[in-house]
Amino acid sequence: MRVTLYGAAGGVTGSAYLIETTTARLLVDFGLFQGADEAQHREAMPRDLDPRRLDAVLLTHAHLDHVGRLPLLAKAGFHGPIYGTQATIQLADLVLRDSAKIQRQDAEYENKHRQRRGQPPIEPPYDDEDVTHIIQQCQTVGYDHPVPVARGLTARFVDAGHMLGSSSIDVVITENGRHKRAIFSGDVGSRDAPILRDPVPLQEGDLVFLESTYGDRDHRPIDQTIAEFRTIVGDAVARRGLILAPAFAIGRAQTLLYLLAVMFRRDELPKFPVYLDSPMALAANRIYLEHPELIDAEARRFLNDAPLSEDTETMHMVESVAESRALNDMRGPAMIIASSGMATGGRIVHHLKHHVWQPDVSVLITGFQAQGTPGRQLVDGADHLTLMGDRVPVRASVHTLNGFSAHAGQTDLVRWFAPLADDRPRLALTHGEQAAREALAAVIAAQYGIQAALPDYGARFDM
Ligand SMILES: [Zn+2]
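About the criteria used
Numbers given to residues run from 1 along each chain, matching the order in which its sequence is written. Local features in a predicted model are, by the rule used here, given only for residues with pLDDT of at least 70; side-chain atom pairs are given and counted only at 80 or more, and totals for whole chains, interfaces and linings are based on all residues. Each side-chain value is derived from all of the structure's non-hydrogen atoms; neither hydrogens nor water enter the calculation. Labels follow the DSSP assignment, with helices taken as runs of H or I lasting at least four residues and strands as runs of E lasting at least two, numbered in each case from the N terminus. Taken over C-alpha atoms, the radius of gyration is set against a globule rule of 2.2 Å times the number of residues to the power 0.38. We call a residue buried when its accessible area falls under 20% of the maximum for its residue type, exposed when it is over 50%, and partly exposed in between, using a 1.4 Å probe and counting protein chains only. The rule for donors is simple: N, O or S, within 2.8 Å of the metal, or within 3.2 Å if the metal is Na, K or Ca. Water isn't counted, so a site may look like it is missing partners. Grouping buried Ala, Val, Leu, Ile, Met, Phe, Trp, Tyr and Cys residues that are joined through side-chain atoms within 4.5 Å yields what is termed a nonpolar core. Where each domain begins and ends is defined by an automated method or by a domain database. Contact between two residues is taken to exist if any of their heavy atoms lie within 4.5 Å; hydrogens are not considered. Buried area: the sum, over both parts, of the accessible surface (1.4 Å probe) that disappears when the two are put together. Whenever a nitrogen or oxygen atom comes within 3.5 Å of another N or O atom, the pair is scored as a polar contact, on the condition that within protein one atom can donate a hydrogen and the other can accept it, and that pairs from neighbouring residues in sequence are kept only if both atoms are in side chains. For this classification, Asp, Glu, Lys and Arg are treated as charged, while Ala, Val, Leu, Ile, Met, Phe, Trp, Tyr, Cys and Pro are nonpolar and the rest, including Gly, are polar. Angles run from 0 to 180 degrees between N-to-C directions of axes, and those axes are lines fitted to C-alpha atoms, restricted for helices to the stretch in contact. Here the word oblique covers every angle except those under 35 degrees (roughly parallel), over 145 (roughly antiparallel) and from 65 to 115 (roughly perpendicular). With the far helix as reference, a near helix turned anticlockwise by less than a right angle produces a left-handed crossing, and one turned clockwise produces a right-handed crossing. Following DSSP output, two strands are said to pair if at least two bridges run between them.

Across its full length, the chain holds 15 helices and 21 strands. Taking 2.2 N^0.38 as the reference for a compact globule, 463 residues should give roughly 23 Å; the C-alpha atoms of the chain span a radius of gyration of 22 Å, in line with that estimate. C-alpha atoms of the chain, sized along the principal axes, occupy 70 × 60 × 40 Å. Taking all 463 residues of the chain together, the buried fraction comes to 55%.

Have a look at this one:
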């Protein structure tokens, strides 16, 4: 058995592992490179990976950096099954169609320049039809039961608590009558995160791939973060202010709505108008509501105790562009939740442009903000932003909440690994910047005496 890494090795995007045995070849995730990683990996399809010879793909979860290269497989002749939980497949459909749309827009933009320079037009890497093909190849798996996925391989998916439907995967490989276990953590969620269940640890493994996004730090406790959220929103509402909340359409938007609904029901906040202005978040809401079996006991109790309709009567789901535009003249008290989460595109950019120059407006940042994004500039205290070509002064107050991470911090990553440590497996730390995984490796070495590998792109693990 051999595992080769084709992404998220020394970076956090482009997750992809190839498992090869004497009887089968399969991928675990095939994610897109984003941001700084993208520039380094211009060739999306690894040269020594022949999609026609693949038997299957396993998906840990639906984030673009784990599923974003899948349509390229279908285009290159892969017709086999793709296994994931039902929520993962539904959300991947959403995420990939959005990605196809952005790629088409990028290509159109680039082609205008190319036309002027007399160059031939370029095609986007994949389109909506390619996404349709790949989604048709998906097969639903449930949690906790081993399923045969290729000759000599079974896979068991367990809840990773990172996003709806997210999984860690336990792969049992049988070669020449002997069994080996390869464990793929996927992205591990924070314990006690609202809505989602806690990550399920695995007990046995010979080879373990563990994510390390926050391997060097712990997050602020979630209870404190929720209390801060309540205070910031409560103060703004008391001042009749407008709150702008850039949020990732899948995950963070639902968390914010859920917390507001809970606070409304408990009279911790007065009911005030809340606008969810993101078609993708609306589609994600519907998928969340279809899966009450995937949410944690606390959220389920909340849904069962009383009708949600009363808690959400001041929440408005904004579908059309015209409705979104009508929010330009919005006065407080009100909150607009819109994506993209880092304000690099989407409807939040319009709302910032129309409101961020007003001193009575609050901007509430609840997600990770990468270097160079407007969201990061706000966090760093910029006195103006350039939005859609316009220079807009920042007079709004900016509040940053750091405790809502979808990723486990260092302590919880170590806790996730603890039951596996008894088997003294080979451990590789992936999906993390170098400093983060070095810090995590040091803690694991000190606690368990296990030296973790810090593999680079193309690294191979033979068992
Ligand atoms: Zn993820």
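Right, picking up where we left off after that structure.
Right, let's get into the coordination of the zinc ion. The protein atoms donating to the zinc ion are H61 (NE2), H63 (ND1), H162 (NE2) and D187 (OD), with metal-donor distances spanning 2.2 to 2.3 Å. Site description for the zinc ion: donor spacing in sequence, H-x1-H-x98-H-x24-D. With H61 in the loop between β4 (56-58) and α2 (64-67) and H162 in the loop between β8 (153-159) and β9 (167-175), the pair connects residues that are 101 residues apart, well separated along the chain. Here H61 falls in the buried class, since its relative accessible area comes to 0%. Judged by its relative accessible area of 3%, H162 falls in the buried class.

If you look at the biggest cluster of nonpolar residues, it comprises 105 residues, and the most contacted ones within it are I19, L58, F229, L260, M335 and I337. The leading source of residues in this core is helix α7 (residues 252-265), at 10 residues. Three or more residues apiece are contributed to this core by two domains, here domain 1 (2-217 + 406-462) and domain 2 (222-400). Residue contacts for I19: discarding those within four places in its chain leaves M1, R2, V3, A24, R25, L26, V28, L153, V171, I173 and F184. Residues L352, V356, V363 and I365 belong to the second largest nonpolar core, which totals 23 residues.

Turning next to the environment of G84. Its place among the elements puts G84 in strand β5 (residues 82-84). In this structure G84 comes out as buried when scored by relative accessible area, which is 0%. When the C-alpha positions of G84 and L59 are compared, they lie 5.1 Å apart, and in sequence the two are 25 residues distant. Look past the residues within four positions of G84 in its chain and what remains in contact with it is L59, I89, Q139, T140, V141 and F157.

Attention now goes to the domain arrangement of the chain. Split by domain assignment, the chain resolves into domain 1 (2-217 + 406-462) and domain 2 (222-400). A separation of 29 Å is found between the C-alpha centroids of domain 1 and domain 2. If you look at the interface, domain 1 gives 20 residues, while domain 2 gives 21 residues. Buried area between domain 1 and domain 2, both sides added, is near 1,800 Å², and the carbon and sulfur share of it is 72%. Broken down residue by residue, the surface that domain 1 buries against domain 2 is led by L164, P194 and I195, which jointly contribute 39%. Linking domain 1 with domain 2 are 4 residue pairs in polar contact (both at pLDDT 80 or more), by the criterion used here. For the side of domain 1 that touches domain 2, the class distribution of residues is 13 nonpolar, 3 polar and 4 charged.

By the secondary structure assignment, A100 is in helix α4 (residues 86-116). For A100, a relative accessible area of 6% puts it in the buried group. Between the C-alpha atom of A100 and that of P279, which follows or precedes it by 179 residues, the distance is 16 Å. Leaving out residues up to four positions away in the same chain, A100 has contacts with Y126, D127, D128 and V131.

Attention now goes to the packing of helix α14 (residues 410-421) against helix α15 (residues 434-448). Packing of α14 against α15 brings their axes to within 11 Å, and their N-to-C directions diverge by 45 degrees. In terms of orientation, α14 and α15 fall into the oblique class. Read as a crossing pair, α14 and α15 show a hand that is right-handed. In this structure, α14 contributes Q410, L413, V414, F417, A418 and A421 to the contact, and α15 contributes A439, L440, V443, I444, Q447 and Y448. Looking at the contact of α14 with α15, its residues break down into 10 nonpolar, 2 polar and no charged.

What follows concerns the sheet that holds β5. As summarised here, the arrangement of the 7 strands in space is β6-β5-β4-β3-β2-β1-β21, forming an open sheet in which the pairing is mixed. Here the strands that pair on one side only, and so sit at the sheet edges, are β6 (138-140) and β21 (460-462). If you compare each strand with its neighbour and ignore which way they point, the axes differ by 25 degrees on average. α4 rests against β5 and β6 of the sheet, and its axis sits at about 145 degrees to β6.

Once that is clear, we can look at the side chain of S167. Mapped onto the elements of the fold, S167 is located in strand β9. Judged by relative accessible area, which is 1%, S167 ranks as buried. A polar contact is formed between the side chain of S167 and the backbone oxygen of G165, at a distance of 3.3 Å. Excluding anything up to four places from it in sequence, S167 contacts T60, T85, Y143, F157, V158, A160, S185 and G186.

Looking at the secondary structure, you find T60 in the loop between β4 and α2. Among the polar contacts listed, one links the side chain of T60 to the side chain of D29, at a separation of 2.7 Å. At a separation of 3.0 Å, a polar atom in the side chain of T60 contacts the side chain of H61. In this view, T60 contacts V28, D29, H66, T88, G165, S166, S167, I169 and G186; residues no more than four positions away in its chain are not counted.

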